[in-house]
Amino acid sequence: MLGSNVSTGTSNASLTLGASGALTRDGGDGGRGSRVTLGSRRKSADLTVLTRGHASHAVLLQSIGGGGGAAGSINNGAASGNISAAMALGGSGGNGGNAGSVNLFADGTLSTKGHGSHAVLLQSLGGGGGQGGAITANASASATDTSSTLSFGADGTKAGDGGIGGQANDVNARLSGIISTSGTQATGILLQSIGGGGGAGGSIVNTAESSGNASFSASATFAMGGKGGGGSTAGDVSLWSLGGNTLSVVTTGQSSTGIQLQSIGGGGGVGGSIHNKAANSTTEAKLGGFAAGKSGAGGGGGNSGTVSLTVPNLIIRTTGNNAVALKAQSIGGGGGSAGSNVNDVQGGDINVSVGIGASGGDGGNSGAVSLDIQDGTILTTGNNSTALYVQSLGGGGGSSSSFVGGTSTSKLSINGTVGGSGGAGGNSGLVSIINAADIETSGNNAIGIYAQSVGGGGGESSIAAPSSTKDNTLSGSLQIGGTAGGGGSAGTVSVNNRGIVVTKGSQSHGVKSQSIGGGGGRVSIATSTASEGTDAS
């Protein structure tokens, strides 16, 4: 459901929205997806399916949560006279709906001939969070004064925040038989659980043109903008066969993976931004969030679940390029970026006190990934076609950034503190491989067994001072207190191989295992440089 929009063209308006329910409403929450099951633990479905068209899957099972609705926006404008608006944005984006579990118990023959036609596609997808309400305040050329006092989340509520992504559920398949595809980008078996991404926080745009005077305040007492919604968690993903049964997967097309198993946490939403512009005006701006907690911050990434495969006898053969035989991944959701600030003054004076308190969201942690292949044969012949590609990847931290800019014959004085921090990278989980199948790769850059646990990199904290274009005068000082996000820790990697591994191409290692801690983020500052006709100090 979409929240209402509010507009006013009168000279003086006092608007209170959200908590009191006066003028806007939150976006509605997305609906919940239910459980989807084919076959049962007691009796497997006996399937024989052949498809020939493009994007025509043999078996498609999905549970998808509904996306959250966007909150109402506010627009204020004055064609003449003065506009003075006091706003408390209460509308938050709706939360994404949770998805149900997806389960397949089957034996049989499943084949596809078309491009983009997977033989088995199972997905549990959480709904994305809705966007927080936005504010736009404008004074046109004939207005004589603009005075905007903006309050967002001052009472600790979720005013203007993006909605939280919906949770994904478990995806399980007990499968045996013969699986084959012959089209391009046609995976044999694709199982995914993906958490819903967080919605973006509400943004603010203020514009004063001609001879107006503008005063924008979003510091000390007030937050800058809506907080990005958190990405939600993903469920566990598992594929197994009963003892004595064989699972055979053959793909012949380009970029056609044999088996792909993924649990992916939802990415955090982006925090709300502020954009202030005054043309031919005198402007005093105070931007920041010293007392505003995490208002305007990026949402945290969701954690991913575990990924597992247990098959007594596994046969996989791929012949195309970029066709990995078996890819298993648990990936934490990336943290959302904090909202940025843009101030643009043309032909006037601007005094800016910057206090950036918002931080990028932390990356989500990734779950453990385990393979247990007791017998079989795994063959790839194409380039970039690794046999076993197994990863646990922590989500990267979100960035925190601020930009303050003035152009065209402006006098700018900038003072303040930047305290925003990049989000921390997520930790990665254990990677465990027990393999007794014989493995052979023939192409270049086609590794036999590639196992990684990689912590997420920390986010960046950055500020860009005004660009000094012609006829601008810049002065002031900035104290940079922002910190870069810390990298995530990596998990243990264990490979127990009892099969024969043969690789024939260049850059094709037999077994490559890595545990890599995430790199720390950085703090970057872009200072002003003077151009012709410009003074900078």
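Conventions used here
- Residues numbered from 1 in each chain as written.
- Predicted model: local features only at pLDDT ≥ 70, side-chain atom pairs only at ≥ 80, totals over all residues.
- Heavy atoms only, no water.
- Helix = DSSP H or I, 4+ residues; strand = E, 2+ residues; numbered from the N terminus.
- Buried < 20%, exposed > 50% of the residue type's maximum accessible area, 1.4 Å probe, protein only.
- Contact = heavy atoms within 4.5 Å.
- Polar contact = N/O pair within 3.5 Å; in protein donor to acceptor, adjacent residues only side chain to side chain.
- Phe/Tyr/Trp six-rings, centres within 6.5 Å; stacked < 30°, edge-to-face > 60°.
- Salt bridge = Lys/Arg side-chain N within 4 Å of Asp/Glu carboxyl O.

Caption draft 1: Up close: the overall build of the chain. Scanning the chain for helices and strands turns up zero helices and 40 strands. Per-residue burial over the chain gives 54% buried out of 537 residues. A separation of at least 24 residues holds for 92% of the contacts in the chain among residues at least 6 apart in sequence.

Caption draft 2: View of the side chain of N103. Mapping N103 onto the fold places it in strand 8 (residues 102–112). Classification of N103 by relative accessible area gives buried; the value is 10%. At a separation of 3.4 Å, a polar atom in the side chain of N103 contacts the side chain of T37. Look past the residues within four positions of N103 in its chain and what remains in contact with it is R35, V36, T37, L38, L61 and N172.

Caption draft 3: Representation of the packing of aromatic side chains in the model. Enumeration according to the criterion identifies two aromatic pairs in this entry. When the ring of F105 is compared with that of W240, the centres are 6.4 Å apart and the planes differ by 80 degrees; the resulting orientation is edge-to-face. Within this pair, whereas F105 is found in strand 8, its partner W240 is found in strand 16 (residues 237–240), the two being separated by 135 residues in sequence. Relative to Y450, the ring of Y389 lies with its centre 5.3 Å away and its plane at 85 degrees, an arrangement referred to as edge-to-face. Taken together, the positions of Y389 in strand 28 (residues 388–393) and Y450 in strand 33 (residues 449–454) put the pair 61 residues apart, joining distant regions of the chain. With a relative accessible area of 13%, Y450 lands in the buried category.

Caption draft 4: Structural context of the side chain of S117. Tracing the chain through its elements places S117 in the loop between strand 8 and strand 9 (120–125). Of the polar contacts made by the side chain of S117, one reaches the backbone oxygen of G53; its length is 2.9 Å. Look past the residues within four positions of S117 in its chain and what remains in contact with it is G53, H54, A55, S56, H57, T112, T181, Q185, A186 and T187.

Caption draft 5: Spatial organisation of the environment of S255. Topologically, S255 is positioned in the loop between strand 17 (246–251) and strand 18 (259–264). On a C-alpha basis, the gap between S255 and N321 in space is 6.0 Å, while along the polypeptide they are 66 residues apart. When near neighbours in sequence (up to four residues on either side) are disregarded, S255 contacts Q185, A186, N321 and N322.

Caption draft 6: Structural context of unusual backbone geometry. Its identity is not glycine, yet A55 carries a phi of approximately 50 degrees, on the positive side. Positive phi is not limited to glycine here, since N445 has a value of about 50 degrees. Within the fold, N445 resides in the loop between strand 32 (438–441) and strand 33.

Caption draft 7: How the structure looks around the environment of T386. In this structure, T386 sits in the loop between strand 27 (376–380) and strand 28. Separated by 53 residues in the primary sequence, T386 and I439 have C-alpha atoms spaced 10.0 Å apart. Leaving out residues up to four positions away in the same chain, T386 has contacts with V324, A325, T380, N445, A446, I447, G448 and Y450. Within polar-contact distance, the side chain of T386 engages the backbone nitrogen of I447 at 3.2 Å.

Caption draft 8: Fine view of the environment of G128. Mapped onto the fold, G128 is located in the loop between strand 9 and strand 10 (135–139). Judged by its relative accessible area of 30%, G128 falls in the partly exposed class. Between the C-alpha atoms of G128 and Q167, which are 39 residues apart in sequence, the distance is 9.3 Å.

Caption draft 9: A look at the pattern of salt bridges. The tally for this structure, following the rule as stated, stands at one salt bridge. Measuring nitrogen to oxygen at the nearest pair gives 3.2 Å for the salt bridge that ties K504 to E440. In this pair, K504 is assigned in the loop between strand 37 (501–503) and strand 38 (511–516) and E440 in strand 32, connecting sequence segments 64 residues apart. Since its relative accessible area comes to 56%, K504 is described here as exposed. On the accessibility criterion, E440 (27% relative accessible area) is partly exposed.

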